[in-house]
Amino acid sequence: DVKESTENKEVVYKAESLDNLTIPVYKIIKREDHVYEVIGERVIRTKKLINLKTDEGVNRFLSYLDRIGLNERLEKMNLENGDSVIIDDFEFEYYR
């Protein structure tokens, strides 16, 4: 994991291995106090493939986020209960 500061915004990189190559899966950017945005082509593409208008779809997407380690990363960043997490046009409140 690498952290860098750009324009007073904290960026955290999470990398996964794919065929011996390290590629970024997502970045978490702190937009303002209690508001974080997750960006990454694969995460957004997966979100767009899932119907988030159903409980089953939301649960499936949240399960995917857990599998790629997003929940663990958010916890390590010390997010507080109720902080907003934005992925594309999907926003949810973080709770441990």
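The rules behind each value
- Residues numbered from 1 in each chain as written.
- Predicted model: local features only at pLDDT ≥ 70, side-chain atom pairs only at ≥ 80, totals over all residues.
- Heavy atoms only, no water.
- Salt bridge = Lys/Arg side-chain N within 4 Å of Asp/Glu carboxyl O.
- Helix = DSSP H or I, 4+ residues; strand = E, 2+ residues; numbered from the N terminus.
- Phe/Tyr/Trp six-rings, centres within 6.5 Å; stacked < 30°, edge-to-face > 60°.
- Buried < 20%, exposed > 50% of the residue type's maximum accessible area, 1.4 Å probe, protein only.

Novice: Help me understand the pattern of salt bridges, please; the structure alone is not making it clear to me.
Specialist: Opposite charge on two side chains lets them pair, provided their charged atoms get close. Applying the stated criterion across every chain yields a total of 5 salt bridges. Across the salt bridge formed by E72 and K76, the nearest N and O atoms sit 3.3 Å from each other. Of this pair, E72 and K76 both sit in helix α3 (residues 70–76), 4 residues apart, which is roughly one turn of the helix. Three or more residues are tied together by salt bridges with common partners; here these are K47, D88 and D89.

Novice: So what exactly am I meant to see when it comes to the packing of aromatic side chains here?
Specialist: Both the distance between ring centres and the angle between the ring planes are used here to describe each pair of aromatic rings. According to the stated counting rule, one finds 3 aromatic pairs in the structure shown. A ring pair is formed by F90 and F92, whose centres lie 5.8 Å apart and whose planes are at 40 degrees; its orientation type is tilted. The pair F90 / F92 is uniform in exposure class, with both members buried. Among the aromatic residues, ring-to-ring pairing joins F61, Y64, F90 and F92 into one connected group.

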